[in-house]
Amino acid sequence: MKTRGKHFIAKDHLVSSKEFKIVWNKEKQVAQTIIPDGIDLSSYYNSESYNSHKNKNTSNKDRIYFFIQNLMFRFKRYLIKRYSNGAKLLDYGSGVGNFSKFMTDNGFSVLAVEPDKRAMKISKSKSVNTVSNLKMLSEKKRFNTITLWHVLEHIPDSHKIIAELKLHLDKKGIMFIAVPNLNSYDCLYYKSNWAALDVPRHVWHFTSSGIQTLMQNLGFELVNRHPLWFDAFYIAYLSEQHLGSRWPLLKGFFIGLTSNIKAFFSGEYSSIIYVFRKT
């Protein structure tokens, strides 16, 4: 692993200020946040500042977030149209339904799956077809495309969920998975203050080889990878805030730019969209 040794400590900067141990698995090429017994992970999402549940534009940080989000929705739509052979989409871990709403408005038949009750209620208020879990789907329900945008890192039983999602994917259907990259320059730079660690909400911390191995073992082949350039800037900005930087936006922009330039040669972008095909 390029980033660290066998384990290290990271702090929850969003809700509790508690520290959590992250352990590196050399064989699987992933790291895992150790969740102590008795902890209710859902309570660590109870914040108006949590990005995936963000629904209001109330600060400069929010304005930056929603501006980038809008650009990325268009990029993701382009990728889905490029790789998928139909307009039936399952958006797993859909948050407050912004992407699902965007794709519905663009002519896709979308089913959003979101377990958080508050986020699901907001999603439904936008007239997005939303359910709380996969058990609510008919066994025969199939989709051309399944998306997990910065979701897989949150799921403790990720193997089980991917296997269940696979059952609802058409033959040679496409699954898009976006996750932060533990071997990116901005991760190496910020170390335990890297905002994309986001403990304990992020249970898993993937490298490129780690997620590819996981998906191959579950019956998927890698079709392509696409960088999420804006993530480097936004994550660096948040990381500078964690450090108490006087000029977080300026410093974050510089580190984000450096990360993207280095990744142009190494391929180790801050976040990456992986395009997998069911085999």
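Everything numeric in this text was worked out from a predicted model, so none of it was measured.

*Asks:* Just checking my understanding: could you explain the packing of helix 7 (residues 229-242) against helix 8 (residues 248-266) for this structure?
*Replies:* For any two helices packed against each other, one specifies the inter-axial angle together with the distance between the axes. The contact between helix 7 and helix 8 brings their axes to 7 Å, and the two run at 140°. The orientation of helix 7 relative to helix 8 falls into the category oblique. Every pair of crossing elements has a handedness; the one defined by helix 7 and helix 8 is right-handed. For the pair helix 7 and helix 8, contact is made by Trp229, Ala232, Phe233, Ala236, Tyr237, Glu240 and Gln241 and by Pro248, Leu249, Lys251, Gly252, Phe253, Ile255, Gly256, Leu257, Ser259 and Asn260, respectively. Looking at side-chain class alone, the contact of helix 7 with helix 8 contains 10 nonpolar, 5 polar and 2 charged residues.

*Asks:* Even after reading the chapter, I still don't get the packing of aromatic side chains, so can you show me in this structure?
*Replies:* For the structure on display, the rule yields 14 aromatic pairs. Cluster of aromatic residues (ring-pair linked, three or more members): Phe73, Tyr83, Phe99, Phe102, Trp149 and Phe176. Sitting over the face of the ring of Phe99, Lys76 holds its NZ or CZ atom 6.0 Å from the ring centroid. Sitting above the plane of the Phe220 ring, Lys166 keeps its charged end 5.8 Å from the centroid.

*Asks:* It is not clear to me how the nonpolar core should be interpreted in this structure. Could you clarify?
*Replies:* Soluble, globular proteins show a tendency: their nonpolar side chains are buried together. Counting residues in each nonpolar core, the largest one holds 43 residues, and the members touching the most others are Ile80, Met103, Phe176, Trp194 and Ile273. Elements with a contribution of two residues or more to this core: strand 1 (7-11), strand 2 (19-25), helix 1 (60-83), helix 2 (98-105), strand 8 (169-180), helix 5 (185-190), helix 7 and strand 11 (271-278). A total of 9 residues in this core trace back to one element, the largest contributor, which is helix 1. Once residues lying within four places of it in the same chain are set aside, the contact partners of Trp194 are Pro180, Asn181, Leu182, Ser184, Asp186, Cys187, Ile235, Ser239 and Ser270.

Parameters and conventions
Residues numbered from 1 in each chain as written. Predicted model: local features only at pLDDT ≥ 70, side-chain atom pairs only at ≥ 80, totals over all residues. Heavy atoms only, no water. Axes fitted to C-alpha atoms, helices over the stretch in contact; angles between N-to-C directions. Helix = DSSP H or I, 4+ residues; strand = E, 2+ residues; numbered from the N terminus. Parallel < 35°, antiparallel > 145°, perpendicular 65-115°, else oblique. Left-handed = near helix turned anticlockwise from the far one by under 90°. Contact = heavy atoms within 4.5 Å. Nonpolar A, V, L, I, M, F, W, Y, C, P; charged D, E, K, R; others polar. Phe/Tyr/Trp six-rings, centres within 6.5 Å; stacked < 30°, edge-to-face > 60°. Lys NZ or Arg CZ within 6 Å of the ring centre and 35° of its normal. Core = buried A, V, L, I, M, F, W, Y, C linked by side-chain atoms within 4.5 Å. Buried < 20%, exposed > 50% of the residue type's maximum accessible area, 1.4 Å probe, protein only.

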